[in-house]
Amino acid sequence: MSLLHVFDLPQLYTKPSAHALLHALGLLTSAPPSWECSDVENHDPDEHGLGRRKGNQSSLQIGPEGVTRYLTSIVSSSLQWIEDEEAREEVWNQASMRLSERSGRTAMGAISRQFRIPSPSGLFNLTIHEPALTADNLGLKTWAASYLLAKRLHIFGIVKECRPNSPRVLELGSGTGLVGLAMACLGADVLLTDLPSIYPNLAHNVLKNHDVVRQNNGSTLSGVLDWTNPTSLCIFPQGTPDSDGVGVPVQTKFPVILAADSLYSSDHPRLLVDTIEAWLSEHEEAKVIVEFPLRDAYLPEIKDFRDRMKRIGLFIQEEGEEKGYDDWGWTGAGDDGSDSGLVHCWWSSWGRTTRKTN
Ligand SMILES: C[S@@+](CC[C@H](N)C(=O)[O-])C[C@H]1O[C@@H](n2cnc3c(N)ncnc32)[C@H](O)[C@@H]1O
């Protein structure tokens, strides 16, 4: 791979063509490093494909130094030598988008992205839509812990070839649905849940991945489960765009529960563990699998979670740590070249005994 300097790109004083500038802006696309296999596309690619962003898989890489200044100079230039107004607009759009990527995920609009997830029989692709973000809707973005857990799920052997029935799995705080959808593609029947405000995008992603889930012998349902009211769980028919209508209440407990990145307030350990207690089946092989970022500010919450899980009779069967990136929070593509989006995560699998049952 060749590393270029920003000075190797077309400079404005040379009055470069729109084509040359768009090519350079394409090279400056930054894909999150944790999502090395994922193509990233605009929600609304323009008809010429000029607006399409892909993970930068080029053999050329541009050093980060001076990139922000280069982009700002394009956005603030009149580009008056480019006569085609549409092409000029496209150059401004692409330069603004490259700047947004460097400002973190919250600065970006809606995006749809593909995740490649391993399974015992190969890889499958999931398509996840993330609406434009607002600060208080953390569930509209896909977090590092969920991508790491989605990739790890096949290791737990939850779906067994020899058993006639697929395991029923409940996911808590699904957000955009990556973990639950990955579980379904391993052949499980998964109910993905979140708050009413997150449900519409979750239901959209469940519908969007219906075919890939079916091809992999799994099934999905989506519903609303608010941990502050842990015994009330409602599902909505596939394709229901929001949770305003009457849902179908669920009564049966689940042998497997999943959750990713669910502890970010002092109430969460209690709420999450109460919800697990309400919905985990009494079966001795029942399992809970979680993955949480080890953020300094929330280490007490993780300890609280561990203590509470033990108090409801659950024990760690396997655990470990791994690293990922909170995608667009990653600033490695920025001018300082740092990787402050690096997230250390803790995963654990819990059962009713300390013995691993798989
Ligand atoms: C940081 S996000 C993680 C989303 C997803 N699991 C991921 O890792 O990409 C936390 C999720 O927990 C959900 N959540 C927070 N409080 C909740 C509650 N009281 N009941 C249900 N879900 C809740 C949020 O809506 C959000 O989807």
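Parameters at a glance
Residues numbered from 1 in each chain as written. Predicted model: local features only at pLDDT ≥ 70, side-chain atom pairs only at ≥ 80, totals over all residues. Heavy atoms only, no water. Phe/Tyr/Trp six-rings, centres within 6.5 Å; stacked < 30°, edge-to-face > 60°. Helix = DSSP H or I, 4+ residues; strand = E, 2+ residues; numbered from the N terminus. Buried < 20%, exposed > 50% of the residue type's maximum accessible area, 1.4 Å probe, protein only. Near = heavy atom within 4 Å. Polar contact = N/O pair within 3.5 Å; in protein donor to acceptor, adjacent residues only side chain to side chain. Areas by Shrake-Rupley, 256 points an atom, 1.4 Å probe, with all protein chains shown as cover. Contact = heavy atoms within 4.5 Å.

Q: How should I be thinking about the packing of aromatic side chains in this particular structure?
A: What characterises a pair of aromatic rings is the spacing of the ring centres plus the angle enclosed by the ring planes. Counted by the stated rule, this structure contains seven aromatic pairs. When the ring of F292 is compared with that of F305, the centres are 5.1 Å apart and the planes differ by 90 degrees; the resulting orientation is edge-to-face. Of this pair, F292 sits in strand β12 (residues 287-293) while F305 is found in helix α9 (residues 299-311), placing the two residues 13 residues apart along the sequence. You'll find F292 and F305 in the same group, each marked buried.

Q: Teacher, can you tell me more about the site of the ligand here?
A: In the region of the ligand, 19 residues are neighbours, and W143, G173, D194, W227 and A260 sit closest. Here an oxygen atom of the ligand and a backbone polar atom of W143 are 2.9 Å apart. In the environment of the ligand, a nitrogen atom lies 2.9 Å from a nitrogen or oxygen atom belonging to the backbone of A260. Within the complex, 95% of the 590 Å² of free accessible area of the ligand lies under protein.

Q: Looking at this structure, I do not really get the environment of R168. What am I missing?
A: By secondary structure assignment, the location of R168 is in strand β6 (residues 168-172). For R168, a relative accessible area of 29% translates into the label partly exposed. As a C-alpha pair, R168 and K253 span 85 residues in sequence and 8.9 Å in three-dimensional space. In this structure, R168 is in contact with D189, T252, K253, F254, P255 and V256, ignoring residues within four places of it in sequence. A distance of 2.6 Å separates a polar atom in the side chain of R168 from the backbone oxygen of K253.

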